[in-house]
Amino acid sequence: MSGTASGGLGIDLVPRSSLNQFDVGFRWIGRNLLAVYRSTLPFAVAAGVLCWMLVRVLEWDLRAVLLVVAVVTWPLGIEFGRRLASEAFERTPRGNLFLRVAGPTLLNRFLNWGGVSLSLVLFEMPGWIFVGILIQLAVPPFLGLAGSFQPEDAVLDRKGTGRARRRTGELVKQERTELYLAMCGWTFLWLVLVVVALVGTEMALRGLFQWTVFLDRAQELWGRYDSGELYRFLYTSPGFAAMLAFWSVATYPFVRVPWSFAYVDLRIRRDMWDLQRRFYEEATRLEGPA
């Protein structure tokens, strides 16, 4: 298939692999960098401050980061899904899209993150960790994948009939394995981006101010081969939790935007949406003079 319709994206809407979806997502973020981070940075700062307070004041531990990131990135996911789908399909959703999908997307977030959350919450009970792993392997592929596209479905289904959501469920069944592997791969990439950002920030702080939030102390403990103390320090450090939460949210667009392109790709390959759009544009052009 060689359709070249681009909607409002400025990018050819053709079938793409997961790597290509990440590439076009990166390019889209680059072209909309100011708008993307005008939306993202307030949430990232709020996540960092909230994690610092939970660990410092309420004496929570590093597991607070998962809860905070899961909640803070939830509205961001809706916003990026809406924005990209509106550009790709050249449709403006009717009414308040956020209110329409807020509840279902929050439930879907619980389905997709529930296994990991259970494993971390029950970290001191090793037997239950395997229960969390099994949940994570079983629930998202069958219940969470289609629901993660609800903002995009809401853009297509302007009248709220539910047809777009049902069709997405059918398409996801046909591409379940590929989508789940893409989700796992992009989640791993997200972790890599967070680690790189954390270390880069600490190295920049050391170079500019001869001070770091956690790296100097961590290296000191690592040099003494005191792994237990190093673990306790990172596990209970409010500064480390705050930075981890901040960068987790700040890098979130680099995985959420490609996920929207995965939805567009699904519609192109399984529904031939790009050909439908080209036929519509040609029909509109021919009917114009008449």
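Remember, it's a predicted structure, so these values are computed and weren't measured experimentally.

Novice: So what about a nonpolar patch on the surface? Which residues, and what values?
Specialist: The grouping of Val45, Val49, Trp52, Met53, Val57, Leu58, Trp60, Leu67 and Val71 at the surface amounts to a nonpolar patch, some 840 Å² of accessible area in total. Sorting the residues of the nonpolar patch by element identifies helix H2 (33–56) and helix H3 (64–89) as the ones contributing at least two each. The leading source of residues in the nonpolar patch is H2, at four residues. Topologically, Met53 is positioned in helix H2.

Novice: An account of the confidence of the model for the protein chain is needed here, citing residue identities and associated values.
Specialist: Low-pLDDT stretches of the model should not have their predicted coordinates read in fine detail. The share of residues in the protein chain with pLDDT of 70 or more is 83%, and the mean pLDDT across the chain is 83. Counted against residues more than four places away or in other chains, residues 1–5, with its pLDDT under 50, gives 18 contacts.

Novice: Residue-level account of the environment of Pro75, with values.
Specialist: Structurally, Pro75 can be placed in helix H3. With 30 residues separating them along the chain, Pro75 and Thr105 place their C-alpha atoms 8.9 Å apart. Leave out the neighbours within four places in its chain, and Pro75 touches Phe43 and Phe98.

Novice: Summarise the nonpolar core; cite the residues concerned and give the values.
Specialist: Core analysis: the largest hydrophobic core is formed by 68 residues, its most contacted members being Leu179 and Trp259. Of the residues forming this core, the biggest block, 15 residues, is contributed by H3. Those residues within four positions of Trp259 in sequence are excluded, and the remaining contacts are Leu145, Ser148, Phe149, Leu179, Ala182, Met183 and Trp186.

The rules behind each value
- Residues numbered from 1 in each chain as written.
- Predicted model: local features only at pLDDT ≥ 70, side-chain atom pairs only at ≥ 80, totals over all residues.
- Heavy atoms only, no water.
- Patch = residues over 30% accessible without salt bridge, like charges linked within 9 Å, V, L, I, M, F, W, Y side chains within 5 Å.
- Areas by Shrake-Rupley, 256 points an atom, 1.4 Å probe, with all protein chains shown as cover.
- Salt bridge = Lys/Arg side-chain N within 4 Å of Asp/Glu carboxyl O.
- Helix = DSSP H or I, 4+ residues; strand = E, 2+ residues; numbered from the N terminus.
- pLDDT = per-residue confidence, 0-100.
- Contact = heavy atoms within 4.5 Å.
- Core = buried A, V, L, I, M, F, W, Y, C linked by side-chain atoms within 4.5 Å.
- Buried < 20%, exposed > 50% of the residue type's maximum accessible area, 1.4 Å probe, protein only.

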